[in-house]
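# Summary of structural features
So you can see what is in the structure, the chains are spelled out below.
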Amino acid sequence: MNDADAPVLLSREGDVAWIRLNRPAVLNALDERMAAALRDACQAVADGQGEGGARCLVLAGNGRGFMAGGDVARFHDDPAAAPAVATAIIDWLHEALRILDRLDMPVLASVHGPVAGAGMSLACAADLCVAADDALLTTAYARLGTTPDGSGTHSLPRLVGTRRALELALLSDRVDAAEALRLGLVNRVVPAAALADETRALAERLAAGPTRAYAGIRHLMRQSWTASLDEQLDAERASFRACAATGDFREGVSAFLAKRKPTFQGR
C-alpha cells in the first residue's frame with residue numbers, strides 16, 4: 001500500500017492520515033485493483049483508530065486530477081464482461097464508503113482538476129471538501145449511459161437538493177470550482193498552488209479538535225436522514241451524555257470558564 005507504484009498510498013502526518021489516489025497516468029481512473037486498495041486503506045485507517053491513532057482523514061489524488069471516474073477502458077476491452085467488471089469495482093468501492101461512513105473522525109476531501117463519476121461521488125461522501133480553483137466536477141454517468149454509484153445518489157441530493165441533484169445527474173454538465181462552491185458541493189475554493197497547504201491546515205485544525213465530539217457530530221448528522229424526531233432526540237441525549245464523561249469535555253468547560261483556548265487530547 002505504501003509502495004510508490006501502488007494505486008493507493010496511505011501515509012500519516014502527525015494526527016492526520018492521508019489516502020492518496022495514485023494512478024496519475026490515467027487521472028486516477030478507478031479499476032478493480034485500485035478500488036480494492038482504496039478499501040484496504042480505509043480499513044487500515046479504521047483499524048488504527050483510538051489511542052495514538054489518526055484524528056482526521058484526508059482523501060486526495062496525485063497528478064493532474066482527483067479522479068476521472070471509473071477506468072472506462074476496462075469496459076471497452078471486453079463488452080460482454082462489463083457487468084462483471086463493474087460489479088467488482090463497485091463492490092470494493094462501496095465497502096470503502098461503508099468504512100468511511102463508520103469512522104470516528106472527520107473525513108476531508110481535497111480535490112483538483114477532473115473530479116468525475118466515482119471521483120465526484122467520493123468527494124461528496126466526505127464530511128468536508130476543499131477544492132482547487134482548477135477543479136471541474138461532473139457526475140458523468142449519463143454520458144456513458146449508466147447510473148451513479150459510490151453513494152452519489154445518496155449524498156448529492158443531501159448536498160444540493162433533489163431537483164439540482166437530478167439536473168447534475170441527468171445532464172452531466174461540468175461544474176467549475178466557483179459554481180461548486182455556490183451549489184454547496186464544496187466548502188471552500190483555494191488557489192491550485194495552495195491546495196496542499198490549505199488542506200493540511202484544515203486537517204490539522206480538525207485533528208486538534210475534540211475527536212470524540214467530532215465522531216458524535218458526524219454520526220448524528222449522517223443518521224438524521226433516516227431517524228424520526230424521537231429517535232434523533234434520544235440519540236442526541238445519549239451522545240451528549242457520552243461526551244460529558246470525556247476529558248475533552250472537562251477541558252472545554254474549564255477553558256470556557258477561564259476564557260482561554262482549549263487544548264483537546266481526543267479522549
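Everything that follows concerns the structure shown earlier in this document.
Report on the accompanying structure. Everything numeric in this text was worked out from a predicted model, so none of it was measured. (Residues numbered from 1 in each chain as written. Predicted model: local features only at pLDDT ≥ 70, side-chain atom pairs only at ≥ 80, totals over all residues. Heavy atoms only, no water.)

## Here's the deal with the overall build of the protein chain
Inclusion rule: A run of DSSP states H or I qualifies as a helix once it reaches four residues; a run of E qualifies as a strand once it reaches two. Both are numbered from the N-terminal end. Our radius of gyration is a C-alpha quantity, and the globule rule it is checked against amounts to 2.2 Å times the number of residues to the power 0.38. When checking whether two residues touch, look at their non-hydrogen atoms; a contact exists if any pair is within 4.5 Å. Charged-residue counts in this description rest on Lys and Arg as positive and Asp and Glu as negative, His and the chain ends being excluded. Here the site of a charge means atom NZ of a Lys, CZ of an Arg, CG of an Asp or CD of a Glu.
Scanning the protein chain from N- to C-terminus turns up 11 helices and 9 strands. Taken against the 2.2 N^0.38 rule, which gives 18 Å for 267 residues, the C-alpha radius of gyration of the protein chain at 19 Å falls within 12% of a compact globule. Excluding contacts between residues fewer than 6 apart, the proportion of contacts in the protein chain whose partners are at least 24 apart in sequence is 68%. Side-chain charges in the protein chain split into 29 positive and 33 negative, and the spacing between the mean points of these groups amounts to 6 Å.

## Topic: unusual backbone geometry
Positive phi, normally seen in glycine, also occurs at Ala140, with a value near 70 degrees. Mapped onto the secondary structure, Ala140 falls in the loop between strand 7 (136–138) and helix 5 (152–160). Located in the positive-phi region is Ser151, a residue other than glycine, with phi close to 70 degrees. Structurally, Ser151 is set in the loop between strand 7 and helix 5.

## Quick look at the layout of surface pockets
We apply this condition: Grid points spaced at 1 Å over the protein atoms alone were grouped into cavities, where a 1.4 Å probe fits but cannot get out, and pockets, open sets with protein on both sides within 12 Å along at least five of seven lines, with lining residues defined by an atom within 4 Å of a point. Grid points are joined across faces, edges and corners, and a volume is the space filled by probe spheres set on the points. Any residue outside Ala, Val, Leu, Ile, Met, Phe, Trp, Tyr, Cys, Pro, Asp, Glu, Lys and Arg is labelled polar, Gly included; the first ten of those are nonpolar and the last four are charged.
Volume-wise, the largest pocket comes out at about 830 Å³. Taken together, 29 residues line the largest pocket, and the ones lying closest to its centre are Cys124, Ala125, Ala126, Asp127 and Arg222. Contributions of two or more residues to the lining of the largest pocket are made by helix 3 (82–102), helix 4 (118–125), strand 6 (128–132), helix 5 and helix 9 (211–223). With 5 residues, the single largest contributor to the lining of the largest pocket is helix 9. For the lining of the largest pocket, a count of residues per class yields 19 nonpolar, 5 polar and 5 charged. The calculated volume of the second largest pocket comes to roughly 400 Å³. Around the second largest pocket sit 22 residues that line it, and Phe75, Tyr141, Leu144, Thr146 and Asp149 are the ones nearest its centre. If one sorts the elements of the lining of the second largest pocket by residue count, helix 3 sits on top with 5 residues. Residues that form the lining of the second largest pocket fall into these classes: 15 nonpolar, 6 polar and 1 charged.

## Some remarks on a nonpolar patch on the surface
Just so we agree on the cut-off: To count toward a patch, a residue needs a relative accessible area above 30% and no salt bridge. Like charges then connect within 9 Å, nonpolar side chains (Val, Leu, Ile, Met, Phe, Trp, Tyr) within 5 Å. Each accessible area is a Shrake-Rupley estimate made with a 1.4 Å probe; only the visible protein chains count as cover when residues are assessed. For this analysis, a salt bridge means a side-chain nitrogen from Lys or Arg found within 4 Å of a carboxyl oxygen belonging to Asp or Glu.
A cluster of nonpolar residues, Phe240, Phe249, Val253, Phe256 and Leu257, forms a patch on the protein surface that exposes about 560 Å² of accessible area. Per-element tally for the nonpolar patch: the top contributor is helix 11 (residues 247–258), with 4 residues. Considering the arrangement of structural elements, one finds Phe256 in helix 11.

## A short note on helix 9
The following threshold applies: Expected span of a helix: the number of residues minus one, times 1.5 Å. Think of it in three bands: with a 1.4 Å probe and only protein chains considered, a residue is buried below 20% of the maximum accessible area for its type, exposed above 50%, and partly exposed in between.
Here helix 9 spans 18 Å end to end across 13 residues, near enough to the 18 Å set by a 1.5 Å rise per residue. Taken together, the buried positions of helix 9 are Thr211, Ala215, Gly216, Arg218 and Leu220. Where helix 9 is buried, its residues meet helix 3, strand 4 (107–111), helix 10 (229–244) and helix 11.

## Details of the side chain of Arg23
To be explicit about the condition: Each polar contact in these results corresponds to two N or O atoms within 3.5 Å; when the atoms are within protein, one needs to be able to donate a hydrogen and the other to accept it, and residues that are neighboring in sequence are counted only if both atoms are side-chain atoms.
One can find Arg23 in the loop between strand 2 (16–21) and helix 1 (32–47). Side chain to side chain, Arg23 and Asp31 meet in a polar contact 3.4 Å long. With sequence-adjacent residues up to four places away left out, Arg23 is seen in contact with Pro7, Asn28, Ala29, Leu30, Asp31, Met34 and Asp71.

## Some words on the environment of Ala193
You can see Ala193 is positioned in the loop between strand 9 (188–190) and helix 8 (195–207). Taking the relative accessible area as the measure of exposure, Ala193 reaches 81% and is therefore exposed.

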